[in-house]
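Residues per chain are reported as follows:
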Amino acid sequence: MLVPQATTEYGTLRAVAMRHAGDHVRDLTDPHSDPVFDRQQATSTWNDYRPKTVRAQQDALIGLLCDRGTEVILLEDALGCTAQHYPRDLGFVIDHILVLARLNSAHRRPETDALTRLFPGSPHVVHLPEGTIEGGDVVLHDGTVMVGLSEETSPAGARALQRALTAAGIDREVKTLSFSVPGIVHLDDHFNIVAPGTALIHRTVFPPADLAWIEQHFDLIDVSDAEALAVQANVLAIAPGTVVVAAGSDRITAQLAERGIEVLTVDYSEVTRIPGSLRCTTLPLIRD
């Protein structure tokens, strides 16, 4: 039986779930979109993408991960769902449990079925009873679980997570982070831990109190408005000193290299045509 395990955002990645892009693409020109989507378009770039090209770029990442010793588990297709190549939102591992997300977007909820089938009857899988919470808003740090209150994650979801951790015997505090602007898709597009004590941050979207807390806990690499819009903060740490970044993130790459971090690069230009990148397309199941 597969047993989930992860205590940090940068432990050596041993097993990860991914899912190829499906052929069903959302109509981004639909004038009758929901209010959340409207707000997200104000803070993120949404463009039509070519599924075959997305899959090819994902395959390049899969090859890189396999070469580095990571087992890649491909989830089954979720027919009729868009953006299914972003399985990070479907759940998250905290210590010895896999928490299944409560997705805010009704059209994406069938995607969770394939993840559930990986762990049939497992005592390590936790369902939350209320609220909304998605994996892109959840970041592990020491004895804390940082949860961004984005458009997709609610205070009720964060409270339900805290109760679930306590029930599972996990001694971590859920630290919620607010945003100073509406329309934030997920925390990991604006804040991302890349190595022990080191994180990328897009400062302008955080209120002063939350920003001050972050500054007290991390050596920060600033991400500009343009870099955040291109989701360049959404990188993937695969070991304590190794990070995968999207091609074109030159300034961020240089900052990571200055700190002695090994940087691996993949072309993710088609994947990022809707707001998500390397972290979004990977759901770590086991980290050392």
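Going by the structure above, here's the rest.
Values in this document were obtained by computation on a predicted structure and should not be read as measured data.

As a further point, take helix 4 (residues 155–167). Given a rise of 1.5 Å per residue, 13 residues ought to cover 18 Å, and the 19 Å separating the end C-alpha atoms of helix 4 matches this to within 8%. Residues A156, G157, A158, A160, L161, A164 and L165 constitute the buried set of helix 4. Contact partners of the buried residues in helix 4: strand 3 (91–94), strand 4 (97–100), strand 5 (125–127), strand 7 (144–148) and strand 8 (173–177). Downstream of helix 4 by a residue or two, G169 has a phi angle that is positive, lying close to 75 degrees.

We now examine the sheet that holds strand 7. The pairing of strands in a sheet comes from backbone hydrogen bonds and takes either a parallel or an antiparallel form. One open sheet accounts for 3 strands, arranged 6-7-8; its pairing is mixed. Pairing within the sheet leaves two strands with one partner each, and these edge strands are strand 6 (138–141) and strand 8. Shown here is a sheet whose adjacent strand axes are inclined to one another by a mean of 25 degrees, direction ignored. Two elements, strand 6 and strand 7, share 4 bridges in a ladder whose sense is antiparallel. What sits directly across from V139, in strand 7, is M146. Along the sheet, helix 5 (residues 208–217) contacts strand 6, strand 7 and strand 8; its crossing angle with strand 8, the most-contacted strand, is approximately 125 degrees.

What follows covers the sheet that holds strand 10 (residues 198–201). Strand order in the open sheet made by the 3 strands is 9-10-11, with mixed pairing throughout. Of all strands in the sheet, those with a lone pairing partner are strand 9 (191–195) and strand 11 (219–222), marking the two edges. When strand polarity is set aside, the average angle formed by the axes of neighbouring strands in this sheet is 30 degrees. Relative to strand 11, strand 10 runs parallel, the two sharing 4 bridges. Within the sheet, the bridge partner assigned to I201 lies in strand 11 and is D222.

Quick notes on the rules
- Residues numbered from 1 in each chain as written.
- Predicted model: local features only at pLDDT ≥ 70, side-chain atom pairs only at ≥ 80, totals over all residues.
- Heavy atoms only, no water.
- Helix = DSSP H or I, 4+ residues; strand = E, 2+ residues; numbered from the N terminus.
- Expected span 1.5 Å × (residues − 1).
- Buried < 20%, exposed > 50% of the residue type's maximum accessible area, 1.4 Å probe, protein only.
- Contact = heavy atoms within 4.5 Å.
- Pairing = 2+ DSSP bridges.
- Axes fitted to C-alpha atoms, helices over the stretch in contact; angles between N-to-C directions.

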